[in-house]
Amino acid sequence: MNYRITVLCENSVGPISGTLGEHGFAALIEPSEGDAILFDTGQGLTLLHNARRMNKNLSAVGAVAISHGHFDHAGGLLPYLQEYGSRRVYGHPGIFSHRYRVKDTGECFSIGIPHARETLESAGAVFDLSPAFRQLAPGVYLSGEVPRATAFENGDQGLYRDCTGQELDPTVDDQSLVLETDKGLVILLGCCHAGLINTLEHIACTTGRRDVCALIGGTHLAFCSQEQMEKTIQAIKGWGVSKIAAGHCTGFAASARLFRELPREFQVASVGYTLEV
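Residues numbered from 1 in each chain as written. Predicted model: local features only at pLDDT ≥ 70, side-chain atom pairs only at ≥ 80, totals over all residues. Heavy atoms only, no water.

### What to know about the state of the cysteines
No. 1: Scanning the entire structure with this criterion turns up 1 disulfide.
No. 2: In this model Cys 108 forms its disulfide with Cys 163; the gap between the sulfur atoms is 1.8 Å. With the S-S bond torsion at -85 degrees, the cross-link from Cys 108 to Cys 163 turns out left-handed. With Cys 108 in strand S7 (residues 108-110) and Cys 163 in the loop between strand S11 (159-160) and strand S12 (176-181), this residue pair connects regions lying 55 residues apart in the sequence.
No. 3: Between Cys 9, a cysteine without a disulfide, and Cys 191, which holds the nearest cysteine sulfur, the sulfur-to-sulfur distance is 13 Å.
No. 4: Since its relative accessible area comes to 0%, Cys 9 is described here as buried.
No. 5: Free cysteine: Cys 192, not disulfide-bonded; nearest cysteine sulfur from Cys 249 at 7.9 Å. (Disulfide = S-S within 2.5 Å. Helix = DSSP H or I, 4+ residues; strand = E, 2+ residues; numbered from the N terminus. Buried < 20%, exposed > 50% of the residue type's maximum accessible area, 1.4 Å probe, protein only.)

Given below as structure tokens:
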């Protein structure tokens, strides 16, 4: 199976005229056979606009996969359903959890999915939620819940399940999309809250494969400690990944560091970034 992967929503834009950026992520996966899959939907401000500018037919999408229940990955689901009608939506049972970012000032922001499950279902969402690794289509898998096994990947310590900042949110619903290709596995990351190395090791354990040819999406390294950054880079070098197309929550400093350490492999996955495998 061959695939064309196109980033539709991201913080930055590439050279395609008229496309817009937003803090979020969405990617379209178009297989050589069968229906397309939409992985995440951004905030909802740019998904439909950018798809039109890039002549992408989102009516050909057979299913939507949500990496985790944050507004910048699932906010575009409602406008997508309103435009294109009912779709099966895959994700983790925890995507509708209450979640917040609490600033040092005590100011609290809701960062969960901005629409109620009932609202989305009324618009045509047919939710298929599971924490398990599973197949969505031939050669396409959702990673399932990722075990937190590494000693150095501690997650984002600024996310909470309450506005008082008393209960940390480990974002257990974090999942990634896995594509089997002739060149190896291609892994699409929403935010990779579970940690990049935890995610890779989990996928290797469940698939029995360590031949990862490409990583695309958010790595969440913008929010990690210096120790986690150093150990992540050393670990990723051992994987021999051919392409690391990072964006969204990777951050400028981490992106620069990845480019310096992995100049041949690193690319920026802005709006319009396309990979054919």
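### Focus: helix H6 (residues 226-239)
No. 1: If you check H6, its first and last C-alpha atoms are 20 Å apart, about what 14 residues at 1.5 Å a residue would give, namely 20 Å.
No. 2: Residues of H6 that are buried: Gln 228, Met 229, Thr 232, Ile 233, Ile 236 and Trp 239. Seen from one end, H6 has its buried residues packed into an arc of 130 degrees, which puts them on one side. What points out from H6, more than 90 degrees from its buried face, is the exposed set Gln 226 and Gly 238.
No. 3: Its buried side turned inward, H6 meets helix H5 (196-207), strand S14 (212-218), strand S15 (243-247) and helix H7 (252-261). (Expected span 1.5 Å × (residues − 1). Arc of directions from axis to C-beta. Contact = heavy atoms within 4.5 Å.)

### Describing the nonpolar core
No. 1: Ranked by size, the top nonpolar core spans 27 residues in total, and within it Leu 200, Val 212, Leu 215 and Ile 236 carry the most contacts.
No. 2: Of all the elements in the fold, those that place two or more residues in this core are strand S13 (184-189), H5, S14, H6, S15 and H7.
No. 3: For this core, the element with the highest residue contribution is H5, accounting for 5 residues.
No. 4: With residues up to four places along the chain from it excluded, the contact list for Ile 236 reads Leu 196, Ile 197, Leu 200, Leu 215, Val 241, Ile 244 and Leu 262. (Core = buried A, V, L, I, M, F, W, Y, C linked by side-chain atoms within 4.5 Å.)

### Some details on the sheet that holds S13
No. 1: Within the open sheet, the 7 strands sit side by side as S9-S10-S12-S13-S14-S15-S16. Their pairing is mixed. Among the strands making up the open sheet, the edge pair consists of strand S9 (134-137) and strand S16 (266-268). Between one strand axis and the next, the sheet turns by 25 degrees as a mean value, whatever way the strands run. (Pairing = 2+ DSSP bridges. Axes fitted to C-alpha atoms, helices over the stretch in contact; angles between N-to-C directions.)

### Notes on the environment of Leu 20
No. 1: Inspection of the secondary structure puts Leu 20 in the loop between strand S1 (3-9) and strand S2 (26-31).
No. 2: Excluding residues that lie within four positions of it along the chain, Leu 20 makes contacts with Val 13, Thr 46, His 49, Asn 50 and Val 271.

### Some thoughts on the pairing of S13
No. 1: Buried residues dominate S13, accounting for 6 of its 6 residues.
No. 2: When S12 meets S13, the two strands line up antiparallel, connected through 6 bridges. When the bridges of S13 are listed, Leu 177 appears paired with Leu 188.
No. 3: Where S12 folds back on S13, the antiparallel hairpin that results is connected by 2 residues.

### Observations concerning the pattern of salt bridges
No. 1: Counting across every chain of the model gives 18 salt bridges.
No. 2: Two residues, Asp 128 and Arg 134, come together in a salt bridge whose shortest N-O distance is 2.7 Å.
No. 3: Of the charged contacts in the structure, one is a salt bridge between Glu 167 and Arg 161, with a shortest N-O distance of 3.8 Å. (Salt bridge = Lys/Arg side-chain N within 4 Å of Asp/Glu carboxyl O.)

### Things to note about the packing of aromatic side chains
No. 1: Throughout the structure, instances matching the rule amount to 4 aromatic pairs.
No. 2: Measuring from centroid to centroid gives 5.2 Å for Phe 96 and Phe 127, while their planes differ by 85 degrees, and the two rings are edge-to-face. Of this pair, Phe 96 sits in the loop between strand S5 (87-91) and strand S6 (100-102) while Phe 127 sits in strand S8 (residues 125-129), and the two are 31 residues apart along the sequence.
No. 3: The lysine or arginine in question, Arg 210, covers the ring of Trp 239, its NZ or CZ lying 4.1 Å from the ring centre. (Phe/Tyr/Trp six-rings, centres within 6.5 Å; stacked < 30°, edge-to-face > 60°. Lys NZ or Arg CZ within 6 Å of the ring centre and 35° of its normal.)

### Focus on the sheet that holds S2
No. 1: Spatially, S8-S5-S4-S3-S2-S1-S17 is the arrangement adopted by the 7 strands of the open sheet, whose pairing is mixed. Edge positions in the open sheet fall to S8 and strand S17 (274-276), since each of these has one partner strand only. Across the sheet, the axes of successive neighbouring strands diverge by a mean angle of 20 degrees, strand direction being ignored.
No. 2: Two elements, S1 and S2, share 6 bridges in a ladder whose sense is antiparallel. Its bridge partner lying in S2, Tyr 3 is registered against Pro 31.

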